[in-house]
Amino acid sequence: MKFSNLAAFSTLAAFTSVASADCDYVSGNYYCSETDAVVYSNVGYSGSFMDVTNMDESTCACTQEKVTFSGAMAPLDQELSVHFRGPLKLLQFGVYYPSEGTSLKKRDATASEDCSTVIQHQHRKREAAVAVVEVTSTVYVDGDGELVSATTGSAVGFSDSAVSTAVVVTSSLAPASSAATSTAAAASSAAASSAAASSSAASSAAASSSASSSASSSAASSSSSSGASGSGWQRVSYYSPGSTTNCTFMNNEGGTAGSGVWSSCFGNSISFAASDGVSGASSAQALDEVTLASDKEYMIFSGVDCSDDSIGDCGYYRGDIPAYHGFGGKTKMFVFEFLMPHDYSSSTNEDMPAIWMLNAKIPRTLQYGDSTCSCWSTGCGEVDLFEILSSGSEKLITHIHDGQGNDGTSTGGGGTQDYFARPTSSSLKAAVIFDGSDESIHVLEVSGDFGSTLSAATVEEWLNTSGSSAALSS
Ligand SMILES: *[C@@H]1O[C@H](CO)[C@@H](O)[C@H](O)[C@H]1NC(C)=O
Ligand SMILES: *[C@@H]1O[C@H](CO)[C@@H](O)[C@H](O)[C@H]1NC(C)=O
């Protein structure tokens, strides 16, 4: 959209010029200070998105219905799948939930920075580290810091005039490429597969149950009991090279190797990923210790098949796919150990690694393609955890894309222009903690082992780590 009402955005324009002085502008994005922790606050709102109810293989059309949600963390309390794009080597992945009785203490919102954070931020004004950034719209700024366009309406405000953070995020990892691309790529490989060749055979009826609005899973209850530390956090899913516990690696090779489907309407569905991460497979495999090449992608679901509805209802999904539950609940923790070495071997998304999360409904219908065939564009949720925004960059950005502040779209949410350092030669360990008790999401670098249990004290220390702040709009 062409920016047209300068007066309405004058406050914003003032901030962007501040931002251009204090932050670096590189290839369309601002980067401010390096950080080792980003804390999102006020996560969750009442709203709605359009849930897919059918994918018609004869008309290539999808139907949707409106579903509503509300409460702490919503809609990010719904099941999430975890996505990876190369160049990337994954060394560990785990998911934890608090044991019953484990307390998530209210933390002091104005907690001062600890020493390591001060060191990280020494090159900027101290105020900036505790400033609250509210991001409710996306703006685009040229190389001189001039505002060139903005999404409509929403106010962008700062709680602290000393803030040095720019409000410019232009990237999202969800439906970027077109169905046409995957369809074309699929055509040749699909010919070999018995399932495919007869074009748009109607086949999707089978496994899918009708959509329901039950989505807000309560897999993990966030205990807010006070006092004792309880027994900590239990690891329920874990991966290390060659071995998986309760997690399933998938990619988008449906119809090529014995799982998932290909159709002329919707291209390749998701499929089990082979141990190399890039081929399909007929059954679940553990990923080997592999460096995923630039632009290649895989994703992780839980090990629980959607036919098991004891942990929730997957809703509608594309027929004949391996459909697995994601990771649900208001309170949940993900851990990662990974490397993102440089690799310029692809022409698209060249040397732009990323780790992100999607509402698990998105890949189970259509991750890339017609926007009416997934709930993404209407805001069912994406959390970019560590994303390189331009080829060759070593600055990882985190951002939430959902409808918070702009219901029914994926242009709400928010983030910060502070960045994590890309781990090009030695691995980075990180934790991502969804804390339903105070409606926060913490993305931070950590050290130590990811054992089968993490003590409440360890997680509390992680939750106490202050860093860059991003408050979503009320
Ligand atoms: C497997 O993962 C799912 C999703 O997080 C969880 O609900 C379930 O309890 C896990 N199963 C085991 C045996 O830990
Ligand atoms: C976390 O912060 C709270 C309040 O600021 C403090 O009482 C507690 O001791 C801290 N815990 C750890 C493990 O650092």
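Computed from a predicted model, the values in this text were never measured in an experiment.

Asker: Looking at this structure, how should I read the site of ligand 1?
Answerer: Every residue near ligand 1 is listed here: Tyr97, Val236, Ser237, Asn246, Ser302, Val304, Ile311, Gly326 and Phe327. Between an oxygen atom of ligand 1 and a side-chain N or O atom of tyrosine 97, the distance comes to 3.4 Å. Within the contact set of ligand 1, an oxygen atom lies 2.4 Å away from a side-chain nitrogen or oxygen of asparagine 246. In isolation ligand 1 offers 360 Å² of accessible surface; the protein chains occlude 63% of this area. When grouped by side-chain class, the residues that make up the shell around ligand 1 number 5 nonpolar, 4 polar and no charged.

Asker: Explain a negative patch on the surface to me, please; I cannot follow it from the model alone.
Answerer: Judged by side-chain charge, Asp305, Asp308, Asp309 and Asp313 come together as a negatively charged surface patch. Along the chain, the position of aspartate 308 falls in the loop between strand E18 (297-302) and strand E19 (332-339). Looking at aspartate 308, the relative accessible area reads 32%, which means it is partly exposed.

Asker: What exactly am I supposed to notice about the state of the cysteines here?
Answerer: Covalent bonding between the sulfur atoms of two cysteines defines a disulfide. In this structure the tally under the stated criterion is 5 disulfides. Each bonded cysteine of the chain is numbered by sequence order, and under that numbering the disulfide pairs are 1-2, 3-5, 4-8, 6-7, 9-10.

Asker: Explanation requested: the pattern of salt bridges in the structure shown.
Answerer: If charged atoms from side chains of opposite charge come close, those side chains can pair. Evaluated as defined, the whole model comprises 6 salt bridges. The residue glutamate 289 makes a salt bridge to lysine 89 at a minimum N-O spacing of 3.2 Å. Highlighted residues: glutamate 289 in the loop between strand E16 (280-281) and strand E17 (291-292) and lysine 89 in strand E7 (residues 88-98), separated in sequence by 200 residues. For arginine 422, the salt bridge is made with aspartate 351, and the minimal N-O distance between the two is 2.8 Å. Of the two residues, arginine 422 sits in the loop between strand E24 (420-421) and strand E25 (428-435) while aspartate 351 sits in the loop between E19 and strand E20 (354-359), which places them 71 residues apart along the sequence.

Scoring rules and cut-offs
- All residue numbers refer to position in the chain's written sequence, counted from 1.
- Each chain takes a letter, starting from A, and each ligand takes a number, starting from 1, following the order in which they are written.
- In keeping with the model being predicted, local features are shown solely for residues with a pLDDT of at least 70 and side-chain atom pairs are shown and tallied solely at 80 or more, while totals for entire chains, interfaces and linings include all residues.
- Water and hydrogen atoms play no part in the side-chain values, which are based on all heavy atoms of the structure.
- Here a residue is considered near a molecule or strand provided that any single heavy atom belonging to it is located within 4 Å of it.
- Distance and chemistry together define a polar contact, namely a pair of N or O atoms within 3.5 Å, with one atom able to donate a hydrogen and the other to accept it when in protein, and with adjacent residues in sequence counting only for side-chain atoms on both sides.
- To measure how exposed things are, a 1.4 Å probe is used in the Shrake-Rupley method; for residues, cover is taken only from the protein chains shown.
- In the scheme used here, Gly and all other residues not listed as nonpolar or charged are polar, with Ala, Val, Leu, Ile, Met, Phe, Trp, Tyr, Cys and Pro taken as nonpolar and Asp, Glu, Lys and Arg as charged.
- Distance thresholds for patches are 9 Å for like charges and 5 Å for nonpolar side chains (Val, Leu, Ile, Met, Phe, Trp, Tyr), applied to residues having over 30% relative accessible area and no salt bridge.
- Take a side-chain nitrogen of Lys or Arg and a carboxyl oxygen of Asp or Glu: if they are within 4 Å of each other, that pair is a salt bridge.
- Asp and Glu count as negative and Lys and Arg as positive, but His and the ends of the chain are not part of the count.
- To locate a charge, take NZ of a lysine, CZ of an arginine, CG of an aspartate or CD of a glutamate.
- Strands are runs of DSSP state E lasting at least 2 residues, helices are runs of H or I lasting at least 4, and numbering of each runs from the N terminus.
- Note on classification: 1.4 Å probe, protein chains only; a residue is buried when its accessible area is under 20% of the maximum for its type, exposed when over 50%, partly exposed between these limits.
- Count a disulfide wherever a pair of cysteine sulfur atoms falls within 2.5 Å.

These figures capture arrangement, not role.
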